[in-house]
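Coordinate inspection notes
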Amino acid sequence: MKLLYAPTSPFVRKVMVCALMTGLADKIQWLDSAAHPINRDARIAAHNPLAKVPTLILADGQALYDSRVICEYLADLGGNETLFPGAGPARWRALTWQAMGDGLLDAALLARYEHTARPGEKQWNEWRQAQLVKVHASLAEIERAAATFETQDPSIGEVTLGCALGYLDFRYPDLDWRAGRPQAAAWFATFNALPAMQATLPHDA
């Protein structure tokens, strides 16, 4: 398998964490790419019309995207039944946390792109602040539920939320998301120490 990726993408990090947790990381060839919201990378677009990472290319040439699909594929291929629980309350809870973590990341990325990808004269600060409202609302929900989160046997929900909080540390250090959120901070400190999280810490190229 081949994965088109970017080392700073939190959605790629989800996949990398799942690859490590399922024991499949050494079966994936990691292909660097230059995903960008404006400038399409032809290397990605050849396999994914959205030209976004992560994109997983299987041995038969089939491409899988986005991170939600790839992570579930890896869990199924690796026989991991913890990341994506079977039918029932645990599954819906895991998928809901994944959706919230993905939504938090979408909002954080859009807010960042407003300053990094859009020309200064076209930037809309109110729109950016509206995205950050979603981030703060998600953080409030994470704080409320953090005491129920798993650490040693996480689902895709915890993996996604952990990658989301790690992205805030990476790109929004001034946000100080831990302030007033002791439960979330305590859970993340333990979760982020897992080998799969430490091995996938984001970094600029």
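Keep in mind the model is a prediction, meaning the values are calculated, not measured.

Concerning the overall build of the protein chain
When you go through the protein chain residue by residue, the secondary structure sums to 8 helices and 4 strands. Along the protein chain, helices and strands appear, N-terminal first, in the series β-α-β-α-β-β-α-α-α-α-α-α. Expected size for 205 residues packed as a compact globule is a radius of gyration near 17 Å; at 17 Å, the protein chain falls within 12% of this value. Its C-alpha atoms give the protein chain principal-axis dimensions of about 45 × 40 × 30 Å.

Considerations on the pairing of strand 2 (residues 29-32)
With 4 bridges connecting them, strand 1 (residues 2-5) and strand 2 associate as parallel partners. Bridge pairing links Lys2 to Gln29 in strand 2. With helix 1 (residues 10-21) bridging strand 1 and its parallel neighbour strand 2, the resulting β-α-β unit is right-handed.

Focus on the packing of helix 1 against helix 6 (residues 156-171)
Viewed as axis vectors pointing N to C, helix 1 and helix 6 meet at an angle of 135°, and their least axial separation amounts to 9 Å. One way to sum up the angle between helix 1 and helix 6 is to call them oblique. Helix-helix and strand crossings are classified by hand; for helix 1 and helix 6 the assignment is right-handed. Touching Pro10, Arg13, Lys14, Val17, Cys18 and Met21 of helix 1 are Ile156, Val159, Thr160, Cys163, Gly166 and Tyr167, all from helix 6. Among the residues forming the contact of helix 1 with helix 6, the class breakdown is 8 nonpolar, 2 polar and 2 charged.

Some points on the sheet that holds strand 2
The sheet built from 4 strands is open, its strands ordered 2-1-3-4 with mixed pairing. Of all the strands in the sheet, the pair left with one neighbour each is strand 2 and strand 4 (63-64). In this structure, strand 3 (residues 55-57) lies alongside strand 4, joined through 2 bridges in antiparallel fashion. In the strand pairing of strand 4, Ile57 is matched with Ala63.

Focus: empty space enclosed by the protein
One pass over the full model with this rule turns up 1 cavity of 30 Å³ or more. The calculated volume of the largest cavity comes to roughly 40 Å³. Together, Pro7, Thr8, Ser9, Pro10, Arg13, Cys163, Gly166, Tyr167 and Pro202 line the largest cavity. At the level of elements, helix 1 and helix 6 are the ones that each hand at least two residues to the lining of the largest cavity. In terms of residue count, the dominant contributor to the lining of the largest cavity is helix 6 (3 residues). Within the lining of the largest cavity, the residues separate by chemical class into 5 nonpolar, 3 polar and 1 charged.

Section: the layout of surface pockets
When its volume is computed, the largest pocket comes out at roughly 990 Å³. If you go around the largest pocket, you meet 35 residues; those closest to its centre are Ser9, Ala35, Val53, Leu109 and Tyr113. Looking at the lining of the largest pocket, the elements with two or more residues in it are helix 1, helix 3 (67-77), helix 4 (89-116) and helix 6. Per element, the largest residue contribution to the lining of the largest pocket is 7 residues, and it comes from helix 4. Split into classes, the residues belonging to the lining of the largest pocket amount to 18 nonpolar, 7 polar and 10 charged. Within this model, the second largest pocket holds a volume of roughly 160 Å³. Taken together, 13 residues make up the lining of the second largest pocket; nearest its centre are Ala90, Arg93, Glu150, Ser155 and Glu158. Per-element tally for the lining of the second largest pocket: the top contributor is helix 4, with 4 residues. In terms of residue class, the lining of the second largest pocket is made up of 6 nonpolar, 3 polar and 4 charged.

Overview of the packing of helix 1 against helix 4
Relative orientation of the contacting elements helix 1 and helix 4 amounts to 145°, with a least axis distance of 10 Å. Counting all contacts with helix 1, which are made through Pro10, Phe11 and Lys14, the residues of helix 4 involved are Gln98, Asp102, Leu105, Asp106 and Leu109. Looking at the contact of helix 1 with helix 4 residue by residue, the classes come out as 4 nonpolar, 1 polar and 3 charged.

Here is what the cut-offs are and how they apply
- Residues numbered from 1 in each chain as written.
- Predicted model: local features only at pLDDT ≥ 70, side-chain atom pairs only at ≥ 80, totals over all residues.
- Heavy atoms only, no water.
- Helix = DSSP H or I, 4+ residues; strand = E, 2+ residues; numbered from the N terminus.
- Rg over C-alpha atoms; globule rule 2.2 N^0.38 Å.
- Pairing = 2+ DSSP bridges.
- Right-handed = clockwise from strand over helix to strand, strands pointing away.
- Axes fitted to C-alpha atoms, helices over the stretch in contact; angles between N-to-C directions.
- Parallel < 35°, antiparallel > 145°, perpendicular 65-115°, else oblique.
- Left-handed = near helix turned anticlockwise from the far one by under 90°.
- Contact = heavy atoms within 4.5 Å.
- Nonpolar A, V, L, I, M, F, W, Y, C, P; charged D, E, K, R; others polar.
- 1 Å grid on protein atoms, 1.4 Å probe; cavity = no way out; pocket = protein on both sides within 12 Å on 5 of 7 lines; lining within 4 Å.
- Points joined across faces, edges and corners; volume = space filled by probe spheres on them.

Geometric descriptors of this kind do not, in isolation, establish any biological role.
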